[in-house]
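Topology and contacts: notes
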Amino acid sequence: MDSIVIKGGKRLEGTVKVSGAKNAALPLLASSLLAEGASTFRNVPELADIATMGKLLSSMGCGFERGTGRKSTSITVTVPPAADLEPIAPYELVKTMRASVLVLGPLVARYGKARVSLPGGCAIGARPIDQHLMGLEKLGATISLEHGYVQAKARSRRLTGARINFDVATVTGTENLIMAAALAKGTTVLENAAREPEVEDLARSLNAMGAQIEGAGTDRIEIQGVDSLQPADHDVIPDRIEAGTFLVAAAITGGDVFVEGCVPDHLEVVIEKLREAGALIEARDGGVRVRGPKRLKAVDVKTQPFPGFPTDMQAQLMVAMAVAEGSSVVTENVFENRYMHVQELSRMGANIAVDGKTAIVKGSARLSGAPVMATDLRASASLVLAGLCAEGTTTVQRVYHLDRGYQRIEKKLRALGAEIRRVKA
Ligand code: EPZ
């Protein structure tokens with residue numbers, strides 16, 4: 001397993017370009033199942049999770065091809081006629097990537113049936129899919145759980161529109177049901193829907209395929225089902241979590257970085273919090289410039305579904321608070337176990353006390369470099385950030401977690417002046 005070695009203390013300067021959003025690309029790739037033919041998506045990041053989605057779609061009988069050269073960020077998914085498709089998502093693939101569950105909605109909608117392995121929990125929590133299944137049942141699918149698989153079948157040839165009220169704002173739950181409702185007969189209304197930009201990006205692409213979806217990006221989404229859809233042709237939005245990770249990297253190293261492609265509206269609360277902590281942040285054409293102060297001030301953070309502070313940025317902000325002046329209270333409201341990075345940060349000298357959903361972070365002047373272990377995607381990003389501003393050398397092990405969500409982060413950070421390299425296992 002590769003590791004990443006960082007010698008801390010370097011000020012980051014220059015321009016970094018944000019890649020396409022992993023959490024937009026995954027549902028978009030799954031949505032290609034809704035239309036026979038070749039769907040093309042551009043600005044798709046080269047990540048392990050995207051490759052896993054590719055393996056899943058190929059195992060069903062789809063073509064999955066990444067462009068070459070200048071077109072290397074585009075992917076074409078060629079979807080066969082229903083008869084040639086195998087609507088199964090096997091445990092071997094789903095256990096490595098929960099987002100595989102995103103094929104469930106499109107398969108039931110277009111092929112009338114699907115057999116998808118239950119994703120199981122992961123490092124950050126139980127992560128059930130009860131809301132996905134409740135919605136599919138409302139749309140007229142029968143759901144049975146057997147041998148760790150979800151067996152879903154449309155009762156009649158087509159799903160029928162329904163009113164679905166989510167108990168909890170679920171991102172992939174909302175995405176799954178938008179895709180299922182797009183081909184259902186009649187109208188579907190999703191209440192308490194997730195409002196993330198990635199949900200909006202999916203709806204934009206589906207509408208271009210001929211779907212009739214209104215209200216994506218708000219908590220009430222209305223979908224008029226249509227008989228069929230055309231293949232997609234779509235540019236994926238930039239990755240707001242990668243962008244936010246670079247904003248924090250610049251802020252904690254007293255740097256001056258232009259994050260090209262960062263969409264300020266996608267990170268409003270993160271930008272607000274970093275400004276409150278003393279970073280100078282200005283949105284200008286095509287990106288965001290961030291200048292870090294000598295030392296950040298502590299601020300309190302509570303994670304919430306969009307447009308609140310994103311849970312996917314909690315670990316990264318915690319590093320900033322670990323070296324800020326003062327104490328900050330971090331509250332993780334979305335997942336039940338998203339503090340796996342705390343014990344690793346503590347090995348670097350961070351002063352963090354966790355009590356249930358809350359973590360009290362007492363800022364120290366400097367962290368000290370140490371060998372640390374990545375546990376989940378965003379926790380591993382926070383360990384890289386800690387290495388950037390720590391005294392001495394930090395070695396982050398098990399960086400396969402990082403490769404799931406960040407395209408060659410060490411290359412991008414090195415280009416900004418960080419002393420960072422990947423060590424092949
Ligand atoms: C998406 O996961 C993202 N993944 C996650 O990003 C992100 O952390 C999360 O949304 C929250 O923003 C993708 O988009 C591929 P949820 P998702 O359903 O959809 C509970 C990353 O780092 N819930 O919005 O799985 C659930 O347990 C990943 O890129 C139910 O109870 O998250 C959680 O507490 C990590 N029942 C809360 O809702 C359900 O049926 C939010 O989960 C579904 C969810």
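Model, not experiment: these values are computed from the prediction. (Residues numbered from 1 in each chain as written. Predicted model: local features only at pLDDT ≥ 70, side-chain atom pairs only at ≥ 80, totals over all residues. Heavy atoms only, no water.)

Describing the domain arrangement of the protein
Definition in use: Those domain boundaries reflect an automatic or database domain assignment. Throughout, a contact is declared for two residues whenever any of their heavy atoms are within 4.5 Å. Accessible surface is computed with a 1.4 Å probe, and the buried area is the amount of it that two parts give up when combined, taken over both parts together. Here a salt bridge means any side-chain nitrogen of Lys or Arg lying within 4 Å of a carboxyl oxygen belonging to Asp or Glu. Under the rule applied, a polar contact is a pair of N or O atoms within 3.5 Å (in protein, one hydrogen donor and one hydrogen acceptor; residues adjacent in sequence only if both atoms are side-chain atoms). Put simply, Ala, Val, Leu, Ile, Met, Phe, Trp, Tyr, Cys and Pro go in the nonpolar bin, Asp, Glu, Lys and Arg in the charged bin, and everything else, Gly too, in the polar bin.
Taken as a whole, the protein is organised into domain 1 (3-19 + 238-423) and domain 2 (22-235). Inter-centroid distance (C-alpha atoms) of domain 1 to domain 2 is 30 Å. Between domain 1 and domain 2, the residue contacts involve 23 residues of the former and 20 residues of the latter. For the domain 1 and domain 2 pair, buried surface summed over both sides reaches about 1700 Å², with 53% attributable to carbon and sulfur atoms. When the area that domain 1 buries against domain 2 is broken down by residue, the three leading residues are Phe306, Arg404 and Gln407, summing to 33%. Applying the counting criterion to the domain 1 and domain 2 interface returns two salt bridges. Counting the contacts that link domain 1 with domain 2 gives six residue pairs in polar contact (both at pLDDT 80 or more). Among the residues forming the side of domain 1 that touches domain 2, the class breakdown is eight nonpolar, six polar and nine charged.

A word on the pattern of salt bridges
Just so we agree on the cut-off: Each helix is a run of H or I in the DSSP string that is no shorter than four residues. Each strand is a run of E no shorter than two, and both are numbered from the N terminus. Between buried and exposed lies partly exposed: a residue is buried under 20% and exposed over 50% of the maximum accessible area for its type, with that area taken using a 1.4 Å probe on protein chains only.
Evaluation of the coordinates by the stated rule reveals 26 salt bridges. The partner of Asp49 in a salt bridge is Arg404, and the shortest N-O contact between them spans 2.8 Å. Of this pair, Asp49 sits in helix 2 (residues 48-60) while Arg404 sits in the loop between helix 13 (400-403) and helix 14 (409-414); the two residues are 355 residues apart in sequence, bridging distant segments of the chain. What makes Asp49 buried here is its relative accessible area of 3%. Using a relative accessible area of 28% as the deciding quantity, one classes Arg404 as partly exposed. A salt bridge links Glu282 to Arg289, with the shortest nitrogen-to-oxygen separation between them at 3.6 Å. The exposure class of Glu282 is partly exposed, given its relative accessible area of 30%.

Thoughts on helix 8 (residues 240-252)
The cut-off we apply is this: Each residue after the first adds 1.5 Å to the expected span of a helix.
With 13 residues, helix 8 extends 18 Å from end C-alpha to end C-alpha; this agrees with the ideal 18 Å at 1.5 Å per step. The buried fraction of helix 8 is high, at 13 of 13 residues. Its side-chain oxygen at 2.9 Å from the backbone nitrogen of Ile241, Asp239 defines the N-terminal cap of helix 8.

So, unusual backbone geometry
In this structure, Pro307 follows Phe306 across a cis peptide bond, with omega equal to 10 degrees. Secondary-structure assignment places Pro307 in the loop between strand 18 (301-302) and helix 10 (314-322). In this model, Arg398 sits at a positive phi of 60 degrees, which is unusual for a non-glycine residue. Note on placement: Arg398 falls in the loop between strand 25 (393-397) and helix 13.

Considering the side chain of His132
Along the polypeptide, His132 turns up in helix 5 (residues 130-138). For His132, a relative accessible area of 3% puts it in the buried group. A polar contact of 3.5 Å, which involves the side chain of His132, links it to the side chain of Thr172. Contacts of His132, omitting those with residues within four sequence positions, involve Val101, Thr170, Thr172, Gly173, Asn176 and Leu177.

Some words on the sheet that holds strand 14 (residues 233-235)
Here is the rule: For two strands to count as paired, DSSP must find a minimum of two bridges between them. Note on definitions: angles span 0 to 180 degrees between N-to-C directions of axes, and those axes are lines fitted to C-alpha atoms, for helices only across the stretch in contact.
Taken together, four strands build an open sheet; the order of strands is 4-5-3-14 and the sheet is mixed. Strands at the two margins of the open sheet, each flanked by one partner only, are strand 4 (63-66) and strand 14. Across the sheet, the axes of successive neighbouring strands diverge by a mean angle of 15 degrees, strand direction being ignored. With five bridges connecting them, strand 3 (residues 37-42) and strand 5 (residues 75-79) associate as antiparallel partners. Looking at the pairing, Ser39 lines up with Val77 of strand 5.

Some remarks on the sheet that holds strand 20 (residues 351-355)
Reading across the sheet, the four strands line up as 18-19-21-20 and stay open at both edges, with mixed pairing between neighbours. The open sheet is flanked by strand 18 and strand 20, the only strands paired with a single partner. The pairing of strand 18 with strand 19 (residues 327-331) spans two bridges and is classified as parallel. Bridge pairing in strand 19 links Lys302 to Thr331.

Observations regarding the packing of aromatic side chains
The geometry of an aromatic ring pair is captured by two quantities: the separation of the ring centres and the angle between the planes. Where we set the bar: Here a pair means two rings of Phe, Tyr or Trp (six-membered ring of Trp) with centres within 6.5 Å. Their orientation is stacked below 30 degrees between planes, edge-to-face above 60, and tilted elsewhere. For a Lys NZ or an Arg CZ to count as sitting over a ring, it must be within 6 Å of the ring centre and within 35 degrees of the ring normal.
Within the structure shown, the criterion is met by zero aromatic pairs. In this structure, Arg115 is placed above the aromatic ring of Tyr149, and the distance from its NZ or CZ to the ring centre is 4.3 Å. We note Arg284 situated over the ring of Phe258; from NZ or CZ to the ring centre the distance is 4.8 Å.

Describing the nonpolar core
Quick note on the threshold: To form a nonpolar core, buried Ala, Val, Leu, Ile, Met, Phe, Trp, Tyr and Cys residues must be joined to one another through side-chain atoms within 4.5 Å.
Residues Met53, Val103, Leu104, Leu159, Leu190, Leu206 and Leu229 are the most contacted members of the largest nonpolar core, which totals 78 residues. For Leu159, the contacting residues outside a window of four places in its chain are Val108, Ala109, Leu139, Gly140, Ala141, Ala154, Ala180, Ala184 and Lys185. Counting residues in hydrophobic clusters, the runner-up holds 70 residues, among them Val259, Ala359, Ala370 and Ile420.

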